[in-house]
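Structural overview
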Amino acid sequence: MTEKIRVRFAPSPTGNLHVGGARTALFNWLFARKHKGTFVLRIEDTDAERSKKEYTQAILDGLRWLGMDWDEGPDVGGSFGPYFQTERLSIYREVIEKLLKEKKIYHCFCSSEELETIRSKQSEEKTAIRYNGRCRSLSQSEVEARLARNEKHVLRLKSDSSCENIEWNDLTKGKLTFSSELVDDLVILKSDGMPTYNFAVVIDDLRMEITHVIRGEDHISNTPKQIMIYKVMGEKVPQFAHIPMILGSDRTRMSKRHGATSVVDYRELGFDSEAFVNYLALLGWSPGNSREILSRSELISEFDLSRVSTHGAIFDVEKLKWMNADYIKRNSSADLLQKVTPWLKQIQEFPGNYDKEGLEKMVFLFRERMQTYNEISDQIKWFFSNPETFDEKALTKNMSLPGIHEICQTLTEELQKIEVFNEEQIEKTIRGLAESLKRKPGEIIGLCRLAISGRSATPGLFESLAVLGKQKTAERLKSFSAKFCK
Ligand code: GLU
């Protein structure tokens with residue numbers, strides 16, 4: 001590709017960044033990064049009632065969390081701004097003045113009742129429902145007189161009826177053809193003076209020199225209308241790529257019914273942003289082999305619009321969790337600590353002053369035991385305070401061990417004798433003890449695990465004890481003995 005690629009993500013700030021929006025942003029971002037192009041963020045906030053500043057902020061935060069940096073847009077600026085549609089009203093006005101002079105648009109004074117009458121007549125006659133162009137032929141003097149009387153009106157585009165069809169080569173769907181009969185004289189400026197969605201998008205995409213419009217296929221029905229606006233204006237049409245919808249497990253469009261839909265929810269549930277990006281990229285795209293774990297730079301180099309699928313992509317949270325677990329286990333201990341810290345802080349018993357090195361080692365024990373970072377809270381908490389409750393089943397089993405009192409005592413003594421309290425020495429001691437007491441090592445390990453954690457499952461016992469430390473291990477064993485091994 002020789003032209004300089006410019007793409008945009010154009011969310012309406014009427015809610016948080018949802019999974020579908022994030023995936024659209026990601027495909028645009030990957031395409032821009034792959035082709036060393038420009039990724040523009042434009043906020044489509046002309047719906048005054050539903051647009052909120054908090055949502056804009058939430059969208060920016062969501063994109064930042066997912067590591068999608070924009071080259072132009074809110075906070076970063078750029079030479080094609082402003083990047084909020086409500087700050088571009090004078091631009092739309094200017095284009096409208098020009099189109100009025102060129103007689104490419106006209107004032108329409110038809111009331112909603114009149115439009116309804118036209119529609120019901122058409123539906124009775126079983127002809128296409130479209131505005132019949134009644135106000136196209138109003139004389140200049142009549143228009144002026146009605147404007148002078150402040151009559152409510154909209155501005156409409158004079159659709160070009162010279163071509164039968166409107167078609168484009170969609171970069172993901174192939175050739176798409178629509179009868180131009182379906183595109184009537186579009187309203188481009190509403191009676192409240194706001195541009196319509198289709199008009200504002202076209203003007204912005206033109207002014208921002210967008211080369212590729214990559215968006216959800218729910219916008220396909222808008223594309224013929226937008227192409228009509230480009231045609232009437234005599235402007236070059238960008239390339240379009242419509243990407244498939246994201247579906248829930250029942251193959252209906254993803255909604256709250258299927259679980260969390262906002263990106264921020266996934267952050268709060270403890271998903272890794274890199275895993276989430278990897279998973280999003282595979283919703284409707286694949287690299288053409290069976291690889292599923294791809295780093296960000298691999299996604300950039302492999303991404304290709306021609307490999308975007310034409311049918312809906314199913315959002316499978318179990319698969320996402322599987323992928324997340326894979327990313328979690330590949331963290332370095334320092335990264336892992338940093339990522340789980342928000343959840344550690346939620347643990348009541350978490351001591352604020354824990355030494356970082358010890359904490360890193362502790363957290364690292366759990367790297368292969370979590371699907372989401374938030375699981376750390378429950379799994380790790382036994383490290384921070386002596387267990388008060390004990391797994392009932394494990395307790396019953398251990399209580400039936402003959403000579404449990406002696407085992408506990410010897411175990412405590414032997415462990416206390418270890419000079420360098422590391423995994424290797426602990427293992428040697430416990431296995432040696434099992435042998436001398438003629439017990440299975442598993443029995444001693446299970447007992448020791450229960451005594452120090454109150455649980456029947458923890459990370460490997462030897463490494464856990466090494467991290468817990470000699471003193472705490474002894475304390476917990478003694479306290480367990482005092483409670484249960486009389
Ligand atoms: N603002 C539109 C939306 O949030 C996107 C428009 C477009 O991508 O053309 O759905």
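Residues numbered from 1 in each chain as written. Predicted model: local features only at pLDDT ≥ 70, side-chain atom pairs only at ≥ 80, totals over all residues. Heavy atoms only, no water.

**Re the site of the ligand**
Lining the immediate environment of the ligand, one finds Arg-8, Ala-10, Pro-11, Ser-12, Glu-44, Tyr-197, Val-201, Arg-215 and His-219. Side-chain polar atom of Arg-215 to an oxygen atom of the ligand: 2.7 Å apart, as the coordinates give it. Relative to its unbound accessible area of 300 Å², the ligand is 79% covered by the protein chains. Taken together, the residues of the shell around the ligand break down into four nonpolar, two polar and three charged. (Near = heavy atom within 4 Å. Polar contact = N/O pair within 3.5 Å; in protein donor to acceptor, adjacent residues only side chain to side chain. Areas by Shrake-Rupley, 256 points an atom, 1.4 Å probe, with all protein chains shown as cover. Nonpolar A, V, L, I, M, F, W, Y, C, P; charged D, E, K, R; others polar.)

**Some points on the sheet that holds strand S4 (residues 154–157)**
Pairing between sheet strands relies on hydrogen bonds along the backbone, with the strands arranged either parallel or antiparallel. In spatial order, the strands read S3-S4-S7; together these three strands make up an open sheet with antiparallel pairing. Edge positions in the sheet fall to strand S3 (105–108) and strand S7 (187–189), since each of these pairs with one other strand and no more. Each adjacent strand pair in this sheet contributes to an overall mean axis angle of 45°, direction not counted. Across four bridges, the pairing between S3 and S4 is antiparallel. Along S4, the bridge assignment pairs Ile-105 with Leu-157. (Pairing = 2+ DSSP bridges. Helix = DSSP H or I, 4+ residues; strand = E, 2+ residues; numbered from the N terminus. Axes fitted to C-alpha atoms, helices over the stretch in contact; angles between N-to-C directions.)

**Notes on the side chain of His-212**
As for its position among the elements, His-212 is in strand S8 (residues 212–216). Residue classification places His-212 among the buried positions, given a relative accessible area of 2%. (Buried < 20%, exposed > 50% of the residue type's maximum accessible area, 1.4 Å probe, protein only.)

**A closer look at the environment of Leu-337**
Note on placement: Leu-337 falls in helix H12 (residues 333–344). Taking the relative accessible area as the measure of exposure, Leu-337 reaches 5% and is therefore buried. Remark: the alpha-carbon pair of Leu-337 and Leu-401, spanning 64 residues in sequence, is separated by 38 Å. Ignoring any residue separated from it by four or fewer positions in sequence, one finds Leu-337 in contact with Leu-344, Lys-356, Leu-359, Glu-360 and Val-363. (Contact = heavy atoms within 4.5 Å.)

**Structural notes on the state of the cysteines**
A full pass over the atoms with the stated rule returns zero disulfides. For the unlinked cysteine Cys-448, the closest cysteine sulfur is that of Cys-408, found at 8.3 Å. With relative accessibility at 0%, the residue Cys-448 sits in the buried group. (Disulfide = S-S within 2.5 Å.)

**Overview of helix H20 (residues 470–484)**
Two residues of an α-helix separated by three or four positions point the same way, owing to the 3.6 residues in each turn. Counted at 1.5 Å a residue, the expected span for H20 with its 15 residues is 21 Å, and the 21 Å between its end C-alpha atoms agrees. Within H20 the residues assigned to the buried category are Thr-473, Ala-474, Arg-476, Leu-477, Phe-480 and Ser-481. Down the axis of H20, the buried set is contained in an arc of 165°. They therefore lie on one face. Next to the buried residues of H20 lie helix H15 (392–399), helix H16 (404–417), helix H18 (441–453) and helix H19 (461–468). (Expected span 1.5 Å × (residues − 1). Arc of directions from axis to C-beta.)

**Brief notes about the pattern of salt bridges**
Across all of its chains, the model carries 37 salt bridges by this definition. Between Arg-88 and Asp-204 there is a salt bridge, with its nearest N and O atoms 2.7 Å apart. On the criterion of sequence distance, the pair formed by Arg-88 in the loop between helix H2 (53–65) and helix H3 (89–101) and Asp-204 in helix H6 (residues 197–207) is long-range, its members being 116 residues apart. As far as the burial class goes, Arg-88 and Asp-204 line up, both buried. Glu-125 is the salt-bridge partner of Lys-121, the closest N and O atoms lying 3.6 Å from each other. Since its relative accessible area comes to 47%, Glu-125 is described here as partly exposed. One continuous salt-bridge network, built from bridges that share partners, spans Arg-8, Arg-42, Glu-44, Arg-88, Asp-204 and Asp-205. (Salt bridge = Lys/Arg side-chain N within 4 Å of Asp/Glu carboxyl O.)

**With respect to helix H4 (residues 112–124)**
The first and last C-alpha atoms of H4 sit 18 Å apart over 13 residues, in line with the 18 Å expected at 1.5 Å per residue. Turning to H4, its buried residues number three or more, namely Leu-115, Ile-118 and Gln-122. When H4 is viewed along its axis, its buried side chains cluster within an angular range of 60° and face the same direction. Within H4, the exposed residues directed more than 90 degrees away from the buried face are Glu-113, Thr-117 and Glu-124. Where H4 is buried, its residues contact S4. Where H4 terminates, the next one or two residues include Lys-126, which has phi positive at roughly 55°.

**Description of the pairing of S8**
S8 sits mainly inside the fold: five of its five residues count as buried. When S8 meets strand S9 (residues 239–243), the two strands line up parallel, connected through five bridges. If you follow Val-213 over to S9, its bridge partner there is Phe-240. Read as a crossover between parallel neighbours, the route from S8 over helix H7 (residues 223–233) to S9 is right-handed. (Right-handed = clockwise from strand over helix to strand, strands pointing away.)

**Observations concerning the packing of H16 against helix H17 (residues 423–436)**
A packed helix pair is summarised by two numbers, namely the angle formed by the two axes and the spacing between the axes. Here H16 crosses H17 at 145°, and the two axes come no closer than 10 Å. Both H16 and H17 take part in a crossing whose hand is right-handed. Residue-level inspection shows Thr-410, Leu-411, Glu-414 and Leu-415 of H16 in contact with H17, the latter providing Ile-426, Thr-429, Ile-430 and Leu-433. A per-class count over the contact of H16 with H17 returns five nonpolar, two polar and one charged. (Left-handed = near helix turned anticlockwise from the far one by under 90°.)

**Quick notes on the nonpolar core**
Counting residues in hydrophobic clusters, the biggest one holds 51 residues, and the most contacted among them are Val-19, Leu-63, Leu-66, Phe-276 and Phe-315. Membership of the second largest hydrophobic core comes to 50 residues, among which are Leu-344, Leu-401, Ile-407 and Leu-437. (Core = buried A, V, L, I, M, F, W, Y, C linked by side-chain atoms within 4.5 Å.)

**Points about the environment of Leu-401**
Relative to the helices and strands, Leu-401 resides in the loop between H15 and H16. Remark: the alpha-carbon pair of Leu-401 and Glu-443, spanning 42 residues in sequence, is separated by 8.4 Å. When neighbours within four sequence positions are excluded, Leu-401 is seen to be in contact with Ile-407, Arg-439 and Glu-443.

**Some remarks on the pairing of strand S1 (residues 6–9)**
If a strand is regular, its side chains alternate between the two faces of the sheet. Of the two faces of S1, the one holding Arg-6 and Arg-8 and the one holding Val-7 and Phe-9 are both buried throughout. Note that S1 and strand S2 (residues 38–41) share four bridges and pair parallel. Counted as the bridge partner of Phe-9 is Leu-41 from S2.

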